[in-house]
Amino acid sequence: MNMLTRRSLIAVTASLVFAGHAFAQDKSIVVASTTSTQDSGLFGHILPMFKAKTGIDVKVVAQGTGQALDTARRGDADVVFVHAKPAEEKFLAEGFGVKRYPVMYNDFILIGPKADPAGIKGSRDIVAALSAIKTKGADFISRGDKSGTHQAELNLWKVAGIDIAKDKGPWYKEIGQGMGAALNTASASNAYVLADRGTWLSFKNRNELGIAVEGDKRLFNQYGVMLVNPAKHPSVKKDLGQQFIDWLVSSEGQKAIADYKINGEQLFYPNASDSGA
Amino acid sequence: MLQDVTALQLVLSGDPALFAIVRLSLYVSFSAVVLAALIGIPLGAWIALTKFPGRQGVIVMLNALMGLPPVVVGLAVYLTLSRSGPLGAFGLLFTPPAMIIAQTVLVTPIIAALTRQTIEDLWIEYRDELTAMNLGPLGRVAALIWDARFSLVTALLAGFGRAAAEVGAIIIVGGNIEGFTRTMTTAIALETSKGDLPLAVGLGLVLIAIVIAVNALAWTARRAGERLAG
């Protein structure tokens, strides 16, 4: 390597590091969150309001709940905003989070093809519906990615008395991808799939799909938010992160969440005041 | 942007969010190609002209690395730049520089391998002249790179094509953050996951048009340069 190249390499490396610092210095936080909050358009609705009030840029990295918690564990996010209470409590117990705040809820729905091969359309009993899907061997798409929705699905199989790891047949397909990809797969293969209502409402490639089961209280879907523990990761921007959390659970933030609608339908229901949620 | 609109409408209306995405895509991929050229061209030329033990193995490795899976590179760069990784202190993860680093890793072997081949062919052709000119090893490398400059444009374009087209690495290290690390390819992945397939296809066509435009410009520049050089 000649001298000129070496010099330019050093210059470029230095400018990369410098650019990284410049990018890191501005008033912004990284929030590891789920695909459902982003794909449903909720963040697009509430973040501009938060930015207008505080001047803080919120950079959302949308992943499944399991991956979002892992990103936070590594110290690569300041705040984590997800929906799987047992996994969140484990995260807290390990010392990676400071405190968990309930923010809002919506519900899961079972999506299925119009032809309804399992004969469950219109039912309000998710457990009976899953049993019917298994008995009939109707195609079912599982997220298979440790996301909040995947964990809720696994739990529902358990409630139905089905050991899905052992009892699954060729009808049960784990795709290991996000909510949108799971819906696309179900749409292309006329299969059943468990989805969060927010993503479903904003999902466009429905084809023959429609809601098969909704309204069972076991389909409740709670979202919580946590500051990543600065004691574990000193790089966490604790003041800016806490400002975001405080705003989410304030009456203003809660109203912003309630106001988000698609075609007149509300997607998320704020419940920060419910300390048990 | 991106609510019940087509990509054509976004282009025609000069949608600022779309243009920011296009600008970031070009910035990241061009920067990666420049960095990869600074490393890959001298490296490829050096391998072409130097005899050392294990050279055949290095050439095979270099050619194989042209097929590095982007998702693996993304993961490796992620683990390196993560706050818990060796370079975590720089805070580069989920920033454009992280994406440039990942694409540089992907593109460098392509440019180095293609440069090696080009320079080696030239060396075989002009060996006697160059030996007669009595240049040192560095002088030879420089002379051959200069002679090959028009052919090397193709190596750079191959690298640029790879960088502009990949999504696996940058979505991991960039995080696909709206207005900050969202590029053409990660936007296409996102719109696909939202089930807006027409918009995803439209954005894909915009990306292809951009890549064609870049190639056309490079070709024109090469032709003009060749004419000037006689």
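As the structure is a computational prediction, the values presented were derived from the model and not from experiment. Residue numbering note: each chain is counted from 1, following its sequence as written. Lettering for chains starts from A, numbering for ligands starts from 1, and both go in the order in which the items are written. Per-residue local features of the predicted model are confined to residues with pLDDT of at least 70, and side-chain atom pairs are confined, for both listing and counting, to 80 or more; whole-chain, interface and lining totals are unaffected and use all residues.

A.B. asks: Mind showing me how you'd approach the overall build of chain B here?
C.D. replies: Looking only at helices and strands, chain B has 10 helices and 0 strands in total. Moving toward the C terminus, one meets the helices and strands of chain B in the order α-α-α-α-α-α-α-α-α-α. Each principal axis of the C-alpha atoms in chain B carries an extent, and together these give about 70 × 45 × 25 Å. Out of the 230 residues in chain B, the part that is buried amounts to 45%. Once C-beta atoms are placed from the backbone, any two residues with those atoms within 7 Å are in contact. In chain B, the share of contacts with a sequence separation of at least 24, taken over all contacts with a separation of at least 6, comes to 78%. The numbering of helices and of strands both runs from the N terminus, where a helix is a DSSP run of H or I of at least 4 residues and a strand a run of E of at least 2. In this scheme every C-beta is placed from the backbone, and a residue whose C-beta has 20 or more other C-beta atoms within 10 Å is buried, one with 12 or fewer is exposed, and one in between is partly exposed.

A.B. asks: Could you clarify how one ought to interpret the overall build of chain A in this entry?
C.D. replies: In terms of regular secondary structure, chain A is built from 12 helices and 12 strands. Considering only C-alpha atoms, chain A reaches an extent of 70 × 55 × 40 Å along its principal axes. Counting all 277 residues of chain A, 45% fall into the buried class. Across chain A, the fraction of contacts at a sequence separation of at least 24, relative to all contacts at a separation of at least 6, is 76%.

A.B. asks: I'm lost on helix α4 (residues 70-81) of chain B in this one. Help?
C.D. replies: An α-helical turn contains 3.6 residues, so any two residues separated by three or four positions project in the same direction. Residues and elements named next belong to chain B. Multiplying 1.5 Å by the residue count of a helix minus one yields the expected span of that helix. With 12 residues, α4 extends 16 Å from end C-alpha to end C-alpha; this agrees with the ideal 16 Å at 1.5 Å per step. If you check which residues of α4 are buried, you get Pro70, Val73, Gly74, Val77, Tyr78 and Leu81. Projected onto a plane normal to the axis of α4, the buried residues spread over an arc of 135° and lie on a single side. Considering only its buried residues, α4 is in contact with α5 (96-132) and α8 (168-174). Throughout, the arc means the angular range of directions from the helix axis out to the C-beta atoms.

A.B. asks: Quick question: what am I supposed to make of the UniProt feature "transmembrane region" (unreviewed entry) in chain B here?
C.D. replies: Residue and element names in this part refer to chain B. UniProt positions are given in the numbering used here, feature names are shortened, and annotations may be inferred rather than shown by experiment. Mapped onto this numbering, the UniProt entry gives "transmembrane region" (unreviewed entry) at residues 20-46, 58-81, 87-114, 150-177 and 197-218. Annotated as 100% helix and 0% strand, the span residues 20-46 places its first and last C-alpha atoms 39 Å apart. For the annotated span residues 197-218, helix accounts for 100% and strand for 0% of the residues, and the straight-line distance between the end C-alpha atoms is 32 Å.

A.B. asks: I tried to follow the packing of helix α6 (residues 126-136) of chain A against helix α7 (residues 148-159) of chain A on my own but got confused; where do I start?
C.D. replies: The relative placement of two packed helices is expressed as an angle between their axes plus a distance between the axes. Residues and elements named next belong to chain A. Relative to each other, α6 and α7 sit at 85°, their axes nearing to 9 Å. Judged by the angle between their axes, α6 and α7 are roughly perpendicular. In this structure, α6 uses Ile126, Val127 and Leu130 to contact α7, whose residues at the interface are Leu156, Trp157 and Val159. The residue inventory of the contact of α6 with α7, partitioned by class, reads 6 nonpolar, no polar and no charged. Fitting a line to C-alpha atoms yields each axis, with helices limited to the stretch in contact; the angle taken between N-to-C directions then spans 0 to 180 degrees. For classification, angles of less than 35 degrees are called roughly parallel, those exceeding 145 degrees roughly antiparallel, those between 65 and 115 degrees roughly perpendicular, and all remaining angles oblique. Each residue is assigned to one of three groups, with Ala, Val, Leu, Ile, Met, Phe, Trp, Tyr, Cys and Pro labelled nonpolar, Asp, Glu, Lys and Arg labelled charged, and all others, Gly among them, labelled polar.

A.B. asks: Even after reading the chapter, I still don't get the UniProt feature "domain: ABC transmembrane type-1" (unreviewed entry) in chain B, so can you show me in this structure?
C.D. replies: UniProt records the feature "domain: ABC transmembrane type-1" (unreviewed entry) for residues 22-218 of chain B in the present numbering. For residues 22-218 of chain B, the helix share is 79%, the strand share is 0%, and the end-to-end C-alpha distance is 18 Å.

A.B. asks: I would appreciate a short explanation of the nonpolar core in the present structure.
C.D. replies: Nonpolar side chains tend to gather and get buried jointly when the protein is soluble and globular. Core membership is restricted to buried Ala, Val, Leu, Ile, Met, Phe, Trp, Tyr and Cys residues, and these are joined into a nonpolar core through C-beta atoms within 7 Å. If you look at the biggest cluster of nonpolar residues, it comprises 103 residues, and the most contacted ones within it are A:Val79, A:Val80, B:Val77, B:Ala98, B:Ala102, B:Ile111 and B:Val173. Sorting elements by how many residues they give to this core places α5(B) first, with 15 residues. Ranked by size, the runner-up nonpolar core spans 31 residues in total, among them A:Ile120, A:Leu194, A:Ala195 and A:Leu219.

A.B. asks: Sorry, what's going on with the domain arrangement of chain A here?
C.D. replies: By a widespread convention, an interface's size corresponds to the accessible area lost as its parts come together. Residues and elements named next belong to chain A. For chain A, the domain assignment lists domain 1 (3-105 + 222-270) and domain 2 (107-219). Where each domain begins and ends is defined by an automated method or by a domain database. Look at where the C-alpha atoms of domain 1 and domain 2 centre, and you get two points 28 Å apart. Of all the secondary structure elements, the ones that give two or more residues to the side of domain 1 that touches domain 2 are α2 (35-39) and α4 (65-73). Class assignment of the residues belonging to the side of domain 1 that touches domain 2 gives a composition of 7 nonpolar, 9 polar and 2 charged.

A.B. asks: Got a minute to help me understand α6(A) in this structure?
C.D. replies: Residue and element names in this part refer to chain A. Among the residues making up α6, those that are buried are Ile126, Ala129, Leu130, Ile133 and Lys134. Seen along its axis, α6 keeps its buried residues to an arc of 135°; they face one direction. Glycine 137 sits one or two positions beyond α6 and adopts a positive phi of about 65°.

A.B. asks: Hey, could you run me through the pairing of strand β7 (residues 192-196) of chain A in this one?
C.D. replies: It is a general feature of regular strands that their side chains alternate between the two faces of the sheet. Residues and elements named next belong to chain A. Of all 5 residues in β7, 5 are buried; the element is thus mostly enclosed. Here β7 shows no split at all, with Tyr192, Leu194 and Asp196 on one side and Val193 and Ala195 on the other all buried. Strand pairing requires that DSSP identify at least two bridges connecting the strands. The pairing of strand β4 (residues 97-113) with β7 spans 4 bridges and is antiparallel. Within β7, the position partnered with isoleucine 109 by the bridge is alanine 195. Strand direction decides the pairing type here: strand β5 (residues 140-142) and β7, joined by 2 bridges, are parallel. By the bridge assignment, isoleucine 141 is partnered in β7 with valine 193.

A.B. asks: Please clarify how the environment of A:His45 should be interpreted in this entry.
C.D. replies: Examined against the element boundaries, A:His45 turns out to sit in helix α3 (residues 42-54). With 19 residues separating them in the primary sequence, A:His45 and A:Gly64 have C-alpha atoms 20 Å apart.

A.B. asks: Before we go on, may I ask you to explain the confidence of the model for chain A in this structure?
C.D. replies: Note that predicted coordinates carrying low pLDDT should not be read in detail. The pLDDT score gives, residue by residue, the confidence of the prediction method on a 0 to 100 scale. For chain A, the average pLDDT comes to 91, and 91% of its residues sit at 70 or higher. For chain A, helix α1 (residues 3-25) of chain A is the element with the lowest average pLDDT, namely 55, and helix α11 (residues 238-249) of chain A is the one with the highest, namely 98.

A.B. asks: Mind showing me how you'd approach the confidence of the model for chain B here?
C.D. replies: Residues and elements named next belong to chain B. Residues at a pLDDT of 70 or more form 98% of chain B, whose mean pLDDT is 92. Ranking the elements of chain B by mean pLDDT puts helix α1 (residues 7-12) last, at 80, and α4 first, at 97. Scoring of the predicted complex yields 0.87 for pTM and 0.83 for ipTM.

A.B. asks: Any chance you could explain the packing of helix α7 (residues 149-165) of chain B against helix α10 (residues 197-229) of chain B here in plain terms?
C.D. replies: Residue and element names in this part refer to chain B. Packing of α7 against α10 brings their axes to within 11 Å, and their N-to-C directions diverge by 170°. By the angle class used here, α7 and α10 are roughly antiparallel. For the pair formed by α7 and α10, the contact residues are Phe150, Val153, Leu157, Phe160, Gly161 and Ala164 on the first element and Val211, Val214, Asn215, Ala218, Arg222, Gly225 and Glu226 on the second. For the contact of α7 with α10, the class distribution of residues is 8 nonpolar, 3 polar and 2 charged.

A.B. asks: What should I look at first to understand the environment of A:Asn207 in this one?
C.D. replies: Residues and elements named next belong to chain A. Along the chain, asparagine 207 falls in the loop between α10 (197-202) and β8 (209-213). Asparagine 207 sits in the partly exposed class, given 13 other C-beta atoms within 10 Å. Each C-alpha atom of the pair asparagine 207 and asparagine 184 lies 9.5 Å from the other, and the pair is 23 residues apart in sequence.

A.B. asks: Quick question: what am I supposed to make of unusual backbone geometry here?
C.D. replies: Most peptide bonds take the trans configuration, and most residues that are not glycine carry a negative phi. Of note in this structure, A:Asn207 is not a glycine but carries a positive phi near 50°. Although it is not a glycine, B:Asn134 sits at a positive phi angle of roughly 60°. Here B:Asn134 falls in the exposed class, since 7 other C-beta atoms lie within 10 Å of it.

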